[in-house]
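# A structural walkthrough
Chain by chain, the residues:
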Amino acid sequence: MTTEDPPTLPGADRPGFRRSTIRIEPAACRPYRRSDWEDCLVVIESGSVDLDGTSGIRQTFHGGDVLWLVGLSLRGLVNRGDTPVVITTVRRR
């Protein structure tokens, strides 16, 4: 689910930027599609998310972490926790 909310990142409310919020429910996986993350700063707002690589390597990120997901070989973003993961993306329009 993606929604447009008031920005929390400095400068994200400027006309040249678009902010989106992504929510991943517990035990859910969001398949990685490169186009979803192109030109995006990714901020884990709350919860913990695993980035599952195509090689089988898994890396966990937590609330407050800032990511750039372009160029990574990922299968998906997985919430293995008990609470929803909330992710904010900011990109140029």
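Right, let's get into unusual backbone geometry. The residue Ala27 is not glycine, and still its phi comes out positive at about 65 degrees. With respect to the helices and strands, the residue Ala27 is situated in the loop between strand E2 (17-24) and strand E3 (29-31). Here Ala27 falls in the exposed class, since its relative accessible area comes to 75%.

Across the protein chain, the average pLDDT comes to 89, with 85% of residues at 70 or higher. Scored below 50 in pLDDT, residues 1-7 shows 19 contacts in the model against residues more than four places distant or in partner chains.

Our next topic: the pairing of strand E4 (residues 40-46). The sheet contact formed by E4 and strand E9 (residues 85-92) spans 6 bridges and is antiparallel. Paired with Leu41 across the bridge in E9 is Val90. Sheet analysis places E4 next to strand E7 (residues 66-67), joined by 2 bridges and oriented antiparallel. Pairing of Val43 across the sheet is with Val66, part of E7.

Here we come to the sheet that holds strand E5 (residues 48-53). With respect to topology, 4 strands assemble into an open sheet ordered E3-E8-E5-E6, the strand pairing being antiparallel. What marks the edges here is a single partner per strand, and that holds for E3 and strand E6 (58-62). Across the sheet, the axes of successive neighbouring strands diverge by a mean angle of 25 degrees, strand direction being ignored. Looking at chain direction, E5 and strand E8 (residues 74-78) are connected through 4 bridges and run antiparallel. Considered in E8, the bridge of Leu51 is made with Leu77.

Conventions and cut-offs
- Residues numbered from 1 in each chain as written.
- Predicted model: local features only at pLDDT ≥ 70, side-chain atom pairs only at ≥ 80, totals over all residues.
- Heavy atoms only, no water.
- Helix = DSSP H or I, 4+ residues; strand = E, 2+ residues; numbered from the N terminus.
- Buried < 20%, exposed > 50% of the residue type's maximum accessible area, 1.4 Å probe, protein only.
- pLDDT = per-residue confidence, 0-100.
- Contact = heavy atoms within 4.5 Å.
- Pairing = 2+ DSSP bridges.
- Axes fitted to C-alpha atoms, helices over the stretch in contact; angles between N-to-C directions.

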